[in-house]
Amino acid sequence: MADASIRTVEARPNADSLVKPGELVDLVEVTPLTLSDRRIYNQLLENAWDAIDKPVTHVIAKSVLRGSHNSNDRVGESLERLMSAIVKVAVTWEGEPAIERVQLLGGNLESSRNDGLLEYEIPARLRKIIRNSQVFARLQREVMFALSSKYALTLYEMVQKRGNLRWKASERFTLDSLRGIMGVPKGKLSSWSNLKLRAIDPAVAEVNALSDFMVEISPIKTGRAVTHVEMRWWRKDGDASGAADRALQFSRVGRRIKVEGRAEQVIAGQGAGPRPAWLDSRGPALQTATYETARLRHPGYDIYFVEGEWRRWSEAKEPPHNPDRAFLAFFRSYAEKHPI
């Protein structure tokens, strides 16, 4: 959303949505964050909103950030990543484009009680950026918590920032800048095909299924190489919006079925989808229930890609006594090392 007559700090959160400054949407993560980190940070911004540009401390109940998790460990780990996160924000300095490097979160004080409070600060340079902001994204809470990967949440924020612009319905990005904005870790998804398969296509599918907008990302080549992409967006008609509302009512597994366009019911032993032929040369297929367990435990991952990584890793080792159990153990370790 953009309106030269409205400053971002004057926009108000409501029961259904929160406000995020546009400068904190199209930012480049120097320190990669997880989906949980991004959600928690949005909640911290919302909680501080009434005095977001003031040099004051803010207080929030840890239970709000913890959500459905029983442990506060996840919250503490996210806070530490947010404190160490440095982001590059595009700003204007003396009338010229510039890059400002800022920390996302300042010092904080966490009660040791499970049901205690968290006191935190917004860094001074970041407060100044927010104070001068005139472009913001309005994020629907239900959608923010329904999206299953950080790439989908980032794309949703990008579209919400731009969706109500009257003079613009598309934007071009270099491939490097898109990677930076989406928070792809350095050295990961380096080829266009991997970036498209692992990050862009799943994110586009989720945003199109669950939000009020449709989005499309198309590659642009320079010579033979993809060097840029064009992102286009448009608001859904009434029928499509209704379908998105219904999708949000599904369970998490049900939402994934909706996003993937799968009609079959996902239960153990069914619906794992066809195993790619290239895996046949790596080893025999695992039990169907194993693939479904992996899919349900680690939504957003390409289970067959991870199986390929496991097969490659296992080549120089003794064959496992229980391949299905060994694969699931590898998948858990892989997901911890390669969060999405």
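The name an unreviewed UniProt entry assigns to the protein is Initiator Replication protein, from the organism Paracoccus haematequi.

This paragraph deals with helix α1 (residues 35-47). Along its 13 residues, α1 runs 19 Å from first to last C-alpha, staying within 8% of the 18 Å computed at 1.5 Å per residue. With respect to burial, α1 is a largely interior element, eleven of its 13 residues being buried. Restricting attention to buried positions, one finds in α1 the residues Leu35, Ser36, Asp37, Arg38, Arg39, Ile40, Tyr41, Asn42, Gln43, Leu44 and Leu45.

Further remarks concern the packing of helix α6 (residues 150-162) against helix α7 (residues 175-182). In contact at an axis separation of 9 Å, α6 and α7 are set at 105 degrees when each is read in the N-to-C sense. Of the possible angle classes, the one that applies to α6 and α7 is roughly perpendicular. Within the contact between the two elements, α6 uses Lys150, Tyr151, Thr154 and Met158 and α7 uses Leu178, Ile181 and Met182.

One can describe the packing of α6 onto helix α8 (residues 192-210) by two numbers: an axis separation of 8 Å at closest approach and a directional angle of 60 degrees. With respect to α8, the axis of α6 lies oblique. When the axes of α6 and α8 are compared, the crossing they make is right-handed. Counted together, Tyr151, Ala152, Leu155 and Tyr156 of α6 and Arg198, Ala199, Ala203, Val204, Glu206 and Val207 of α8 form the full contact between these two elements.

Reading the values: the criteria
Residues numbered from 1 in each chain as written. Predicted model: local features only at pLDDT ≥ 70, side-chain atom pairs only at ≥ 80, totals over all residues. Heavy atoms only, no water. Helix = DSSP H or I, 4+ residues; strand = E, 2+ residues; numbered from the N terminus. Expected span 1.5 Å × (residues − 1). Buried < 20%, exposed > 50% of the residue type's maximum accessible area, 1.4 Å probe, protein only. Axes fitted to C-alpha atoms, helices over the stretch in contact; angles between N-to-C directions. Parallel < 35°, antiparallel > 145°, perpendicular 65-115°, else oblique. Contact = heavy atoms within 4.5 Å. Left-handed = near helix turned anticlockwise from the far one by under 90°.

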